[in-house]
Amino acid sequence: KSHKELLIPYKPCRAKTNVMFLKTHKTASSTILNIMFRFAERYNLTVALPADQLVHLGYPKTFLAHFVEEFEAIGQNYNIMCNHLRFNPSEVKKVMAANTFYFSILRNPIRLLESSYVYYKDNVPAFRISKDVNEFLASPMKYYHLADYKKNMYARNIMWFDFGYDNNAEDNKKYIQAVLKEIEQNFHLILISDYFDESMILLKHTLCWDLDDVIYFKLNSRSQDTVQTLTPESEGRIKVWCSLDWKLYLHFNQSFWRRIEESIGLKELEKEVNRLRTRQKELMETCLSDQEAVGKDDIKNKAFLPFQSGDANILGYNLKQDLDNMTRRTCQKMVMPELQYTSYLYTVQHPHKKRKILPLPWTSFQEK
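Note that residues are indexed from 1 along each chain, following the sequence as it is written. A pLDDT threshold of at least 70 governs which residues receive local features in this predicted model, and a stricter bar of 80 or more applies before side-chain atom pairs are shown or counted, although totals over entire chains, interfaces and linings include all residues. Side-chain metrics rest on all non-hydrogen atoms present in the structure, leaving aside hydrogens and water.

K.L.:
Kindly report on the overall build of the chain, identifying the contributing residues and their values.
P.N.:
The secondary structure listing takes helices from DSSP runs of H or I that are at least 4 residues long and strands from runs of E that are at least 2 residues long, numbered from the N terminus. From N to C terminus, the chain includes 18 helices and four strands. Rg of the C-alpha trace for the chain: 21 Å, near the compact-globule value of 21 Å for 368 residues, within the 12% margin. In terms of overall dimensions, the chain has C-alpha extents of about 65 × 50 × 45 Å along its principal axes. Counting only residues that meet the buried cut, the chain has 55% of its 368 residues in that class. We call two residues in contact when some of their heavy atoms are within 4.5 Å. If you take every contact in the chain between residues at least 6 apart in sequence, the share linking residues at least 24 apart comes to 72%. Counted as positive: Lys and Arg. Counted as negative: Asp and Glu. His and the chain ends are not counted at all. All charge positions are set by atom: Lys at NZ, Arg at CZ, Asp at CG, Glu at CD. Of the side-chain charges in the chain, 51 are positive and 44 negative, and the distance between the mean point of each set is 3 Å. The globule rule is 2.2 Å times the number of residues to the power 0.38, and the radius of gyration it is compared with is taken over C-alpha atoms. Buried residues are those whose accessible area, probed at 1.4 Å on protein chains only, stays under 20% of the maximum for their type, while exposed residues exceed 50% and partly exposed ones sit between those limits.

Below, the structure written as structure tokens:
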């Protein structure tokens, strides 16, 4: 076997360290944000963090460079950008170096809309006044008012909106082709969250990262009992109601698999996915007292309680008590929720600035 391995042309590559991730909503993007933050810390990279007390980069406003903390002083010397923003290529380019790698992630709009519905139930006017997701989908226009579009973007074509486009635009073939082409020009890679592990392997290959750079614990997911069951009619209606997102997803799901076949091959992919899952299991056994995610009421250390929203019960983790210092630090970073991690990095990178005040523990202001 060793002799054979020598015959494979060895292609050394250097890890890409200038990376922009467009964090889309309800697409497993919080898990990727955690991967990006840990990578930044591991290689001592600068992150383009939200200015002042914001925990996102101006979202849902269209992104502007000054939404980044100390942009005037730091200029283009940020390596990583991954907090929520509404994409605006010309402004992002002011912040990121010319050789930056751009990627994002999409999710099947059927799963996405149901997730959005539960998570944003209290914030989105269109969701708030409907009884459940199936009632909403039976006649969305009854609940969805264009006047509220800035609050209602989670209710329709949210991915289209996050990429910077009009989520209420008419579904017109020429328009859609133009947008898809533009996204392909702006982004080097689009991942698919329905195939998350496969996505991580493709990301690792494309960025020339190590397996440990893409290892993760699933973050910001919710308990099964808060998932609403969509009727087959509702599933069909989502494809029409969110037709821009549906076409976006179909297009990039295709190019995703094409990319895998061209670069890794399905056989090698399966091997690497198994390695990822084995390593993940090892880490869970090392770090976690429960071996799995637990509901919000069972999280013992409230500093690791994820933000709770809508009717979702957002899961978190309990770490083992007796870890040595280095292991404990590694494990803490793996389970640290998005807002806490953002705030922590902000304090590290901008020690002279006023710390971001996070409403901790979340539950106190969530209780109505």
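More follows now that the structure is in view.
K.L.:
Give me the pairing of strand β1 (residues 19-22): which residues, what numbers.
P.N.:
Burial along β1 is two-sided: the face carrying Val19 and Phe21 and the face carrying Met20 and Leu22 are both buried. Strand pairing is defined by DSSP finding a minimum of two bridges between the two strands. Both β1 and strand β2 (residues 80-81) contribute to a ladder of two bridges, which runs parallel. Directly across from Val19, in β2, lies its bridge partner Ile80. Bridge count between β1 and strand β3 (residues 101-106): four bridges; the pairing is parallel. For Leu22, the partnering residue across the bridge sits in β3 and is Ser104.

K.L.:
Describe empty space enclosed by the protein, with residues and values.
P.N.:
In the cavity and pocket records, a cavity denotes points on a 1 Å grid over the protein atoms alone where a 1.4 Å probe fits but cannot get out, a pocket denotes an open set with protein on both sides within 12 Å along at least 5 of 7 lines, and lining residues are residues with an atom within 4 Å of a point. Grid points are joined across faces, edges and corners, and a volume is the space filled by probe spheres set on the points. Within this structure, the stated rule accounts for one cavity of 30 Å³ or more. Roughly 40 Å³ of internal volume is contained in the largest cavity. Looking at the largest cavity, the residues that line it are Pro109, Leu112, Leu113, Ser116, Tyr154, Asn157, Ile158, Cys242 and Asp245. At four residues, helix α5 (residues 109-119) tops the list of elements feeding residues into the lining of the largest cavity.

K.L.:
Residue-level account of the sheet that holds strand β4 (residues 189-192), with values.
P.N.:
Pairing between sheet strands relies on hydrogen bonds along the backbone, with the strands arranged either parallel or antiparallel. On the basis of which strands lie adjacent, the open sheet formed by four strands has the order β2-β1-β3-β4 and parallel pairing. Among the strands making up the open sheet, the edge pair consists of β2 and β4. Relative to the sheet, helix α2 (residues 29-42) contacts β1, β2, β3 and β4, its axis offset from that of β1 by approximately 165°. Note on definitions: angles span 0 to 180 degrees between N-to-C directions of axes, and those axes are lines fitted to C-alpha atoms, for helices only across the stretch in contact.

K.L.:
Pulling in residues and values, what's your account of helix α16 (residues 325-335)?
P.N.:
Among the residues of α16, Cys331, Lys333, Met334 and Val335 are the ones counted as buried. Buried positions along α16 lie against α2, α15 (266-287) and α17 (338-349). In protein, a polar contact requires one atom able to donate a hydrogen and another able to accept it; more generally it is a pair of N or O atoms within 3.5 Å, and residues adjacent in sequence count only if both atoms are side-chain atoms. For α16, the side-chain oxygen to backbone nitrogen distance between the N-cap and Met326 is 3.2 Å, and the N-cap itself is Asp324.

K.L.:
Outline the nonpolar core, supporting the account with residue identities and numerical values.
P.N.:
Here, nonpolar core refers to any group of buried Ala, Val, Leu, Ile, Met, Phe, Trp, Tyr and Cys residues whose side-chain atoms link them within 4.5 Å. Met81, Val95, Phe103, Phe136, Leu191 and Met200 are the most contacted members of the largest nonpolar core, which totals 115 residues. Excluding anything up to four places from it in sequence, Met200 contacts Ile32, Ile35, Leu191, Val214, Tyr216 and Leu276.

K.L.:
Pulling in residues and values, what's your account of the pattern of salt bridges?
P.N.:
A pairing counts as a salt bridge when a side-chain nitrogen of Lys or Arg comes within 4 Å of a carboxyl oxygen of Asp or Glu. Counted according to the given criterion, the structure contains 17 salt bridges. Linking Glu135 and Lys131 is a salt bridge whose minimum nitrogen-to-oxygen distance equals 3.7 Å. On the basis of relative accessibility, which here comes to 27%, the residue Glu135 falls in the partly exposed class. Within this structure, Arg42, Asp210 and Asp213 form a network of salt bridges that share partners.

K.L.:
Go over the packing of aromatic side chains, please, and point to the residues and values.
P.N.:
In this scheme Phe, Tyr and Trp rings, the latter by its six-membered ring, pair at centre separations within 6.5 Å, and the angle between planes marks the pair as stacked below 30 degrees, edge-to-face above 60, and tilted otherwise. Under the definition given, this model contains 28 aromatic pairs. With a centroid separation of 4.7 Å and 50° between ring planes, the pair formed by Phe39 and Tyr43 is classed as tilted. Assessed through its relative accessible area of 1%, Phe39 is described here as buried. Pairing Phe87 with Phe187 gives two aromatic rings, centres 4.8 Å apart and planes at 50°, and the pair type is tilted. One end of the pair, Phe87, is in the loop between β2 and α4 (89-95); the other, Phe187, is in the loop between α11 (173-186) and β4, and 100 residues separate them in sequence. Per residue, the accessibility class of Phe87 equals that of Phe187, and both read buried. Through pairs of rings, three or more aromatic residues link up here, namely Tyr117, Phe127, Phe136, Tyr143, Tyr144 and Trp241. Lys26 extends its terminal NZ or CZ atom over the ring of Tyr119, reaching a point 3.4 Å from the ring centre. Put simply, a charge is over a ring when the Lys NZ or the Arg CZ is close to the ring centre, within 6 Å, and near the line of the ring normal, within 35 degrees. A cation over a ring is seen here: Arg156 above Tyr144, with NZ or CZ 5.9 Å from the ring centre.

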